[in-house]
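# Inside the fold
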Amino acid sequence: MAERFIYADNSATTNISESVLQEMMPYLTSSYGNPSSIYRLGREAGAAVENARERIAAVFGAKPKEIYFTAGGSEADNWAISSTAHRLGEKGKKHIVTTAFEHHAVLHTCKELERQGFEVTYLPVGEEGRVTPQQVSDAIREDTALVTIMFANNEIGTIMPIGDIARVCHEKKVLFHTDAVQAVGNVPINVDELGIDMMSMSGHKIHAQKGIGFLYVRTGVALPNLIFGGAQERNRRAGTENVPAIVGLARAVEDACADIPAKQQRIMKIRDRIIDGILDGVGAVRLNGSRTDRLAGNINMSFLGVEGESLLLMLDLNGICASSGSACTSGSLDPSHVLLSLGLPHEVAHGSLRLSIADPITEEDGDYIVETVIKVVDRIRSMSPLWEDIKNGKPGTENWLKYVSPIK
Ligand SMILES: *Cc1c(COP(=O)(O)O)cnc(C)c1O
């Protein structure tokens, strides 16, 4: 059998691209100075950090001093939400609005704030996985400190109307934060035009290295310290800068945000070919999320009578890296909170598959994915007693069949 390898888990992480690595190289080797040192080697590193900040700011229509480098998306989310809650909580604003299907970096921060006495509204996202500006507007109260809503969902790829959501927040004079980790490189983002007050971003989803990201904070929005120590990041986050990672991040952001429409068209065409191929080839399946308003490279499907983990293992044996909606790694067999937030029964959510494709995927790779998924799903079902029950119409199973295409 020909050895194939297709990486279809780009929403989990990506490789470091050649162009990013090339930009990082000098700062991993010869230009190793500390940006705070005053001799030339240090000044060079310092200039590289500030240059990266300017380049990143330019891409998003921000000012360089509004960009704070962090150790990734989770840190940026934690910082934005916790610091704002604590700062405004002291003034009696102890309410936060978010959605039920945020990334855990946001959800678990909100859970911790609840433990500390804050109140959090988790907006439902409906069967398609989206929130409306009206829902946000209705949820805002006198004591709301912050609205935090993701730009694009990492599991089902739906894109939120962020500009309109920001507008209703501002009408009610409430700060708006968005986790834009999955949106960068997919949706053109101008923080001024969209009215975003704070925005989190991570490098490793767009071909920079792991452990680097940034938090954008609009001028005039107070930002309490995250780490005490040296004067790095305008005194807000101490610690010698990760110069190579920061330089690589700038390049990754520029690359990701260049020619978005052309890149998207190519990827979307392959995405739709995969979706249609799978929908044609297997029964009792559903596409999760919106058919149209979704990230170019995102495919998320649930197969009735299939265990997500078995599917992943068998795809791996066939050279395909993908992910599933179930949190098997955490030792629990709970399906993903995102899929449950769409209102899917556990049995449907359990057999889920997320493929996140990106360059350099080809149409041929797409066809191989379709062929392999169909083969593997049939195989798993042929061994599944649960699938037998479903096919035989065992009472109770009709409640699951409502959510999927007819059995083939
Ligand atoms: C990956 C991801 C994060 C976390 O970013 P890290 O850099 O891995 O901490 C946060 N939010 C979303 C939507 C993500 O996809």
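Values in this document were obtained by computation on a predicted structure and should not be read as measured data.

### Regarding the packing of helix 1 (residues 18–28) against helix 8 (residues 243–257)
Remark: helix 1 packs on helix 8, axes separated minimally by 8 Å, with the N-to-C direction vectors making an angle of 160 degrees. The orientation of helix 1 with respect to helix 8, classified from their angle, is roughly antiparallel. Two packed elements cross with a definite hand, and for helix 1 against helix 8 that hand is right-handed. Listed contacts from helix 8 to S19, V20, E23, M24, Y27 and L28 of helix 1 are V243, P244, A245, V247, G248, R251, A252 and D255. Grouping the constituent residues of the contact of helix 1 with helix 8 by class yields nine nonpolar, two polar and three charged.

### A few points about the nonpolar core
Formed by 71 residues in total, the largest nonpolar core has its most connected members in I149 and F214. When residues of this core are assigned to their parent elements, the largest contribution, nine residues, is made by helix 8. Counting residues in each nonpolar core, the second largest holds 33 residues, with I267, I320, I361 and I380 among its members.

### As for the sheet that holds strand 10 (residues 298–303)
One open sheet accounts for three strands, arranged 9-10-12; its pairing is antiparallel. Looking at strand neighbours, the two that pair on one side only are strand 9 (285–287) and strand 12 (352–356), the edges of this open sheet. On average, each strand axis in the sheet is inclined to that of its neighbour by 20 degrees, with strand direction left out of account. As paired strands, strand 9 and strand 10 are joined by three bridges and run antiparallel to one another. Residue pairing in the sheet places L287 in a bridge with M301 of strand 10.

Parameters and conventions
Residues numbered from 1 in each chain as written. Predicted model: local features only at pLDDT ≥ 70, side-chain atom pairs only at ≥ 80, totals over all residues. Heavy atoms only, no water. Axes fitted to C-alpha atoms, helices over the stretch in contact; angles between N-to-C directions. Helix = DSSP H or I, 4+ residues; strand = E, 2+ residues; numbered from the N terminus. Parallel < 35°, antiparallel > 145°, perpendicular 65-115°, else oblique. Left-handed = near helix turned anticlockwise from the far one by under 90°. Contact = heavy atoms within 4.5 Å. Nonpolar A, V, L, I, M, F, W, Y, C, P; charged D, E, K, R; others polar. Core = buried A, V, L, I, M, F, W, Y, C linked by side-chain atoms within 4.5 Å. Buried < 20%, exposed > 50% of the residue type's maximum accessible area, 1.4 Å probe, protein only. Pairing = 2+ DSSP bridges.

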